[in-house]
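Here is how the chains run, residue by residue.
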Amino acid sequence: MRKASKRWFIVFVMPTLAAFSIAFLIPFFMGLYLSFCEFRTVSDARFVGIQNYIRAFSDNGDFINALWFTVKFTFVAVILINVIAFLLALMLTKRIRGTNLFRTVFFMPNLIGGIVLGYIWQLIINGILFNYGYSIISNSSFGYWGLVALSSWQMIGYMMIIYIAGIQNISNAILEAARVDGASPFRILRSIIIPSVMPSITICLFLTITNSFKLFDQNLALTAGAPSKQTQMLALDIYNTFYGRVGYEGVGQAKAVVFFVLVAVVALMQLYLTRSREVEN
Amino acid sequence: MKKIKFSNVLIFILLLALSVVFLIPIVTVIVNSFKDKFSISQTPFVLPNRETFVGIENYISGINDTGFLSALFWSLFITVCSVAVIVLFTSMTAWYITRIKTRFNSLLYYLFVFSMIVPFQMVMFTMSKMANVLRLDNPVGLIFIYLGFGAGLSVFIFSGFVKSIPISLEEAAIIDGCNRLQTFWHVVFPILKPTAITVAILNTMWVWNDYLLPYLVIGSDYKTIPIAVQYLKGGYGSVDMGAMMAMLVLSILPVVIFYLACQKYIIKGVAAGAVKG
């Protein structure tokens, strides 16, 4: 029996596990170790303690700037995306003519890749700014709001779908009962709809926060960090630290570890906070 | 329609206006792809006139400059194969580690879940070096990497669904003389089909649009579409805006076709994937 189960383990789990180890597990632990080393290729690693972590923050202000820019971006983008997506979901669950068509249109940008999205919005924003004699890289706030507009355009549709599914799950009987009891639409929204879609809110916040934090392609295509790295987000800063010049691989890896810890802490904190508000049903 | 409510008319108009706003960027790119490259970046919102209209010239130069047809082929090849491999192997893995409860299997499950919150930057350097050493720096090797990288989310979604299947079905199959592989293939996988579609959709959207992973693993020998688009920008020279616009349209086209063809599944897949997440 033991032998048989071992054989099935090889059939069912081994292919995935082998790929998972090579693409993720081993690189992950190697990355953790290498963040305490100086290296160019990996095989020439030399242990240097926490020096890379110190350099990540002290060599230049890039990492701190990128961190601050990412936090500012994430905060505004997450609120905008979720509020608009939720409002759209409310409107699209009212049995209005053309609901399917609207849903199709709002969701479509989500399927377009980050690089392509970046260049589409570069064209739009540069076209508007040209009338005033600017371009998207003349001022970091153009790049900032450009990224906010781009990621709203991209992610609103996705979140809207999740909110619609949540709203459609609310039983009509409860809504009807509230209406008969004379509850105002606002009251119904606050006391029935929002508490019932808390699981959707949890998911959407999780997805928007992690996606905004990890944004890379859009950032690279829209401004590539210009002007002078002011619109560089964390992922792009890490990429540039690794591949921008030789000798900074260790620092790049240390930044990546800090980035990972940040994403994990923020995501888990958010999950904990919103999960605790979900109602049992 | 019994009575048309006034508020609903207002909402309809609002939604219509918003749809126009949502479509403007795409329409702008399409319009500009037919314009002379010098009149694009400064006046993108002007329709082409007799002087600036260039027909399909931008498309020809875009396709030639980037090798778009080969990029389209590699994108299709990598996406289709990766998604098929991911769906097949992760569903098997998820079923096995959910049904056979050993300490090792539950450790595996948590490792898969854990991998979902690790940003790509954490492993990008070591992973691409490793892919190099193991000679996985080609399209086929990339499919293997995608299986490893997509495993987290896919195993997680499949496991969530396997837990809800009554085990008695599988026991009946075993009693009837099926081995585990037959049980999985004839009994479990058909039940998993809707979930398999969800997993396939989510992974297609990811692999098709992925830029950094294929770029780091195979470089520009086998360009995928995102790499081909970014390649136009590369270097320090000025960008041929005409070719760029044409490329943007050509990259959006397959996505739109895919979307219109499988819209029902995509919308369902996104909603279902979120519930499990």
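Report follows, based on the coordinates. All values reported here derive from a predicted model rather than from experimental measurement. (Residues numbered from 1 in each chain as written. Chains lettered and ligands numbered in written order. Predicted model: local features only at pLDDT ≥ 70, side-chain atom pairs only at ≥ 80, totals over all residues. Heavy atoms only, no water.)

### Remarks on the nonpolar core
Right, so step 1: Of all hydrophobic cores here, the largest spans 176 residues; its most connected members are Phe107 of chain A together with Val229 and Leu248 of chain B.
Right, so step 2: Among the elements that take part in this core, helix α11 (residues 241–276) of chain B stands out by supplying 17 residues, more than any other.
Right, so step 3: Structurally, this core is a two-domain feature, drawing no fewer than three residues from each of domain 1 (6–60) and domain 2 (67–234) of chain B.
Right, so step 4: Those residues in contact with leucine 248 of chain B, other than ones at most four positions away along the chain, are Val116, Tyr119 and Ile120 of chain A together with Val29 and Val229 of chain B. (Core = buried A, V, L, I, M, F, W, Y, C linked by side-chain atoms within 4.5 Å. Buried < 20%, exposed > 50% of the residue type's maximum accessible area, 1.4 Å probe, protein only. Helix = DSSP H or I, 4+ residues; strand = E, 2+ residues; numbered from the N terminus. Domains from an automatic or database assignment. Contact = heavy atoms within 4.5 Å.)

### Some words on the interface of chain B and chain A
Right, so step 1: Facing 90 residues of chain B, the contacting portion of chain A comprises 85 residues.
Right, so step 2: Summing both sides of the interface, chain B and chain A together bury roughly 8000 Å²; the carbon and sulfur share of this comes to 82%.
Right, so step 3: Looking only at chain B, the three residues that lose the most surface to chain A are Phe22, Met122 and Phe125 of chain B, adding up to 10% of its buried area.
Right, so step 4: On the surface where chain B and chain A come into contact, there are zero salt bridges. (Buried area = accessible area lost by both parts, 1.4 Å probe. Salt bridge = Lys/Arg side-chain N within 4 Å of Asp/Glu carboxyl O.)

### A word on the packing of aromatic side chains
Right, so step 1: Applying the stated criterion across every chain, the model contains 47 aromatic pairs over all chains.
Right, so step 2: Taking 5.7 Å as the distance between ring centres and 80° as the angle between the ring planes, the aromatic pair formed by phenylalanine 69 of chain A and tyrosine 144 of chain A counts as edge-to-face. Of this pair, phenylalanine 69 of chain A sits in helix α4 (residues 62–92) while tyrosine 144 of chain A sits in helix α7 (residues 140–168), and the two are 75 residues apart along the sequence. The two residues phenylalanine 69 of chain A and tyrosine 144 of chain A agree in class, both being buried.
Right, so step 3: With 5.6 Å between their ring centres and 70° between their planes, tryptophan 121 of chain A and tryptophan 153 of chain A make a pair best called edge-to-face. With tryptophan 121 of chain A in helix α6 (residues 114–130) and tryptophan 153 of chain A in helix α7, this pair connects stretches of sequence that are 32 residues apart.
Right, so step 4: The class of tryptophan 153 of chain A is buried, set by a relative accessible area of 4%.
Right, so step 5: Among the aromatic residues, those joined into a cluster by ring pairs are Trp8, Phe9 and Phe12 of chain A together with Trp95, Tyr96, Phe104, Phe184, Trp185 and Phe189 of chain B.
Right, so step 6: The ring of tyrosine 144 of chain A is capped by lysine 72 of chain A, whose NZ or CZ atom sits 5.8 Å from the centre of that ring. (Phe/Tyr/Trp six-rings, centres within 6.5 Å; stacked < 30°, edge-to-face > 60°. Lys NZ or Arg CZ within 6 Å of the ring centre and 35° of its normal.)

### Quick word on unusual backbone geometry
Residues and elements named next belong to chain A.
Right, so step 1: Note the cis peptide between alanine 226 and proline 227, where omega equals -5°.
Right, so step 2: At alanine 224, a residue that is not glycine, the phi angle is positive and equals roughly 55°.
Right, so step 3: Residue placement: alanine 224 occurs in the loop between α11 (217–222) and α12 (234–244).
Right, so step 4: Residue classification places alanine 224 among the partly exposed positions, given a relative accessible area of 37%.
Right, so step 5: You will see that lysine 229, though not glycine, has its phi angle at about 65°, which is positive.
Right, so step 6: The exposure class of lysine 229 is partly exposed, given its relative accessible area of 41%.

### Regarding the pattern of salt bridges
Residues and elements named next belong to chain A.
Right, so step 1: Scanning all chains against the criterion turns up eight salt bridges over all chains.
Right, so step 2: The shortest N-O distance in the salt bridge between arginine 179 and glutamate 176 comes to 3.2 Å. Within this pair, arginine 179 and its partner glutamate 176 are both found in helix α8 (residues 172–180), separated by three residues, close to a single helical turn.
Right, so step 3: Taking the relative accessible area as the measure of exposure, arginine 179 reaches 46% and is therefore partly exposed.
Right, so step 4: Overall, the relative accessible area of 43% leaves glutamate 176 in the partly exposed class.
Right, so step 5: Between aspartate 237 and lysine 255 there is a salt bridge whose closest N-O contact spans 3.1 Å. One end of the pair, aspartate 237, is in helix α12; the other, lysine 255, is in helix α13 (residues 249–275), with 18 residues separating them in the sequence.
Right, so step 6: By relative accessible area, which is 2% here, aspartate 237 ends up buried.

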